[in-house]
Amino acid sequence: MVRSAAGGRGAGGTGAGRTRVKAARRPEIRLPALEPFTGGGLEPDGDYDGLEFREADLAGQDGSGARFLDCALTECALDEVGLRHASVLDSVLTGARGVGTDLAEATLRDVELVEARLGGTQMHAAVLERVLIRGGKIDYLNLRMARLRDVVFEGCVLVEPDFGGARLERVEFVDCALKGADLHAATLKDVDLRGAVTLEISRGLDRLAGAVISTGQLLDLAPVLAMQWGIRVED
């Protein structure tokens, strides 16, 4: 495992060469006046438009293929909720909590996920575009084969996230902890890791082409990089 610590420099900082990385476009969400959700439970292929889910217990429910547009989910329980193939658009999720949330092959576009407490979230083959994940902690996030474009991880803790085979374009890590990340077979383009206050890579160090790291991070990675390339370093 590779461990590195940056000096907390976010993607928006100044310095030579910073303009060489294309910045991620953040979501701009303006929710309309929302109606409270009174449906009792989710339905497969359900259509939810302009609704507020407040402190709703959605654990174990099946909302596969559902569409959420202009919605707010606040302090909702998402344990093992089935949202496979769902679409979450122009929506804000605040204080979501749960284990085993299934968002495989889902689409998240113009979404803010704030102060989430999630574990084992399944998002393999999902599509994330203009998504901000701010604060909170997500353990064992499965993003294998997912497509991330214009995604910002800010002030959050990611424990053993799996980006295996994923495509990341214009993705920023700002003041967040990235612990035990798996980048095996991932493709990175304009990925800015300089703002990660903790950077640990368990697999896929060779996939960092297309990413930018800080000088301090490079020095920390140097022994493992030398070993990988067969370079013997002696005094």
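Here the structure is a predicted model, which is why all the values come from computation and not from measurement.

1. Looking at the overall build of the protein
Moving on, step 1. Along the protein, the regular secondary structure elements total one helix and 17 strands.
Moving on, step 2. Its C-alpha radius of gyration of 18 Å places the protein within 12% of the 18 Å reference for a compact globule of 235 residues.
Moving on, step 3. If one aligns the C-alpha atoms of the protein with their principal axes, the spans along those axes are about 70 × 30 × 25 Å.
Moving on, step 4. The buried share of the protein, taken over its 235 residues, is 52%.
Moving on, step 5. Of all intrachain contacts in the protein linking residues separated by at least 6 positions in sequence, the fraction that spans at least 24 positions is 18%.
Moving on, step 6. When the 28 positive and 37 negative side-chain charges of the protein are each reduced to one mean point, those points stand 8 Å apart.

2. Observations regarding a positive patch on the surface
Moving on, step 1. Where like charges cluster on the molecular surface, the positive patch consists of K22, R147, R149, R167 and K189.
Moving on, step 2. Positionally, R147 belongs in strand 11 (residues 147-154).

3. Some remarks on the pattern of salt bridges
Moving on, step 1. Counted by the stated rule, this structure contains 15 salt bridges.
Moving on, step 2. Here E52 makes a salt bridge to R54, at a shortest N to O gap of 2.8 Å.
Moving on, step 3. For D110, the salt bridge is made with R130, and the minimal N-O distance between the two is 2.7 Å. Here the residue D110 occupies a position in strand 9 (residues 107-119), and R130 occupies one in strand 10 (residues 127-139), the gap between them amounting to 20 residues. The exposure classification of D110 matches that of R130, with both residues buried.
Moving on, step 4. Taken together, the shared-partner salt bridges connect R25, D150, E169 and R170 into one network.

4. Focus: the environment of V114
Moving on, step 1. Note that V114 resides in strand 9.
Moving on, step 2. Sequence spacing of V114 and A166 is 52 residues, and the spatial spacing of their C-alpha atoms is 23 Å.
Moving on, step 3. Not counting residues up to four positions away in its chain, the partners in contact with V114 are L93, T94, G95 and R134.

5. Some points on the pairing of strand 15 (residues 187-195)
Moving on, step 1. Where burial is concerned, most of strand 15 is hidden: seven out of the nine residues are buried.
Moving on, step 2. Where strand 13 (residues 167-174) meets strand 15, six bridges bridge the pair, whose relative direction is parallel. If you follow V171 over to strand 15, its bridge partner there is V191.
Moving on, step 3. By the bridge criterion, two bridges tie strand 15 to strand 17 (residues 211-212) in an arrangement that is parallel. Bridge pairing in strand 17 places V191 opposite A211.

6. Details of unusual backbone geometry
Moving on, step 1. Phi at D45 is positive, roughly 60°, even though this residue is not glycine.
Moving on, step 2. By the element assignment, D45 lies in the loop between strand 2 (35-36) and strand 3 (47-49).
Moving on, step 3. Phi angles above zero are rare outside glycine, and H85 is one such case at about 65°.
Moving on, step 4. Mapped onto the elements of the fold, H85 is located in the loop between strand 6 (72-74) and strand 7 (87-94).

7. As for the nonpolar core
Moving on, step 1. Ranked by size, the top nonpolar core spans 60 residues in total, and within it F53, L148, F153 and F173 carry the most contacts.
Moving on, step 2. Here this core gets five residues from one element, more than from any other, and that element is strand 9.
Moving on, step 3. Ignoring any residue separated from it by four or fewer positions in sequence, one finds F53 in contact with F37, L42, Y48, F68, C71, A72, L73, T74 and C76.

8. Overview of the confidence of the model for the protein
Moving on, step 1. Scored by pLDDT, the protein comes out at a mean of 90, with 91% of its residues at no less than 70.
Moving on, step 2. Contacts from residues 1-19, a stretch scored under 50 in pLDDT, to residues over four places away or in other chains number 43 contacts.

9. Some points on the side chain of R130
Moving on, step 1. Here R130 falls in the buried class, since its relative accessible area comes to 18%.
Moving on, step 2. R130 has contacts with R25, P27, R109, D110, V111, R149 and D150, leaving out every residue within four places of it along the chain.

10. Overview of the environment of D57
Moving on, step 1. You can see D57 is positioned in the loop between strand 4 (51-54) and strand 5 (67-69).
Moving on, step 2. Given a relative accessible area of 53%, D57 falls into the exposed group.
Moving on, step 3. In sequence terms D57 and G40 are 17 residues apart; their C-alpha atoms lie 9.3 Å from each other.
Moving on, step 4. A distance of 3.2 Å separates the side chain of D57 from the backbone nitrogen of A59, its partner in a polar contact.

Conventions used here
- Residues numbered from 1 in each chain as written.
- Predicted model: local features only at pLDDT ≥ 70, side-chain atom pairs only at ≥ 80, totals over all residues.
- Heavy atoms only, no water.
- Helix = DSSP H or I, 4+ residues; strand = E, 2+ residues; numbered from the N terminus.
- Rg over C-alpha atoms; globule rule 2.2 N^0.38 Å.
- Buried < 20%, exposed > 50% of the residue type's maximum accessible area, 1.4 Å probe, protein only.
- Contact = heavy atoms within 4.5 Å.
- Lys, Arg positive; Asp, Glu negative; His and termini not counted.
- Charge placed at Lys NZ, Arg CZ, Asp CG, Glu CD.
- Patch = residues over 30% accessible without salt bridge, like charges linked within 9 Å, V, L, I, M, F, W, Y side chains within 5 Å.
- Areas by Shrake-Rupley, 256 points an atom, 1.4 Å probe, with all protein chains shown as cover.
- Salt bridge = Lys/Arg side-chain N within 4 Å of Asp/Glu carboxyl O.
- Pairing = 2+ DSSP bridges.
- Core = buried A, V, L, I, M, F, W, Y, C linked by side-chain atoms within 4.5 Å.
- pLDDT = per-residue confidence, 0-100.
- Polar contact = N/O pair within 3.5 Å; in protein donor to acceptor, adjacent residues only side chain to side chain.

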